[in-house]
Amino acid sequence: MRLNSMDLPDALFEEARVMAESAQVSLEEWISGAIVHKLEWEKTQRVFQQYAAKADFVRFDALMARVPDVEPLAGDELL
């Protein structure tokens with residue numbers, strides 16, 4: 001498949017076609033959605049990396065040390 005001067009390997013094209021058919025959307029709509037999804041994921045990763053770079057782990061550890069070691073309230077348990 002050729003998409004704005006981009007060649008896709010046949011196997012990738014076929015897999016995308018099957019996924020689009022399963023989602024009951026056009027191939028073009030499915031590929032556009034996949035690209036949007038990937039772009040948003042990359043943006044989110046950059047934001048998290050920026051937050052992590054600013055993190056003060058010494059302060060975080062000090063704050064966490066103040067949290068009481070008790071059982072969680074009903075409904076707040078980890079699964």
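Structure's up top.
Conventions and cut-offs
- Residues numbered from 1 in each chain as written.
- Predicted model: local features only at pLDDT ≥ 70, side-chain atom pairs only at ≥ 80, totals over all residues.
- Heavy atoms only, no water.
- Helix = DSSP H or I, 4+ residues; strand = E, 2+ residues; numbered from the N terminus.
- Expected span 1.5 Å × (residues − 1).
- Patch = residues over 30% accessible without salt bridge, like charges linked within 9 Å, V, L, I, M, F, W, Y side chains within 5 Å.
- Areas by Shrake-Rupley, 256 points an atom, 1.4 Å probe, with all protein chains shown as cover.
- Salt bridge = Lys/Arg side-chain N within 4 Å of Asp/Glu carboxyl O.
- Buried < 20%, exposed > 50% of the residue type's maximum accessible area, 1.4 Å probe, protein only.

Draft legend 1. Region of the structure containing helix H1 (residues 10–23). Here H1 is 14 residues long and its end C-alpha atoms lie 20 Å apart, about the 20 Å a rise of 1.5 Å per residue gives. In the stretch just after H1, Gln24 is the one whose phi turns positive, near 60 degrees.

Draft legend 2. Molecular detail of a nonpolar patch on the surface. Judged by side-chain polarity, Phe57, Phe60, Met64 and Val67 come together as a nonpolar surface patch covering roughly 420 Å² of accessible area. Looking at where Val67 falls in the secondary structure, it is placed in the segment after helix H3 (57–65).

Draft legend 3. Spatial organisation of the pattern of salt bridges. All chains considered together, the criterion is met by four salt bridges. Between Lys43 and Glu40 there is a salt bridge whose closest N-O contact spans 3.4 Å. Within this pair, Lys43 and its partner Glu40 are both found in helix H2 (residues 27–54), separated by three residues, close to a single helical turn. Classification of Glu40 by relative accessible area gives partly exposed; the value is 42%. Here the salt bridges share partners, and the residues they tie into one network are Glu14, Arg17 and Glu21.

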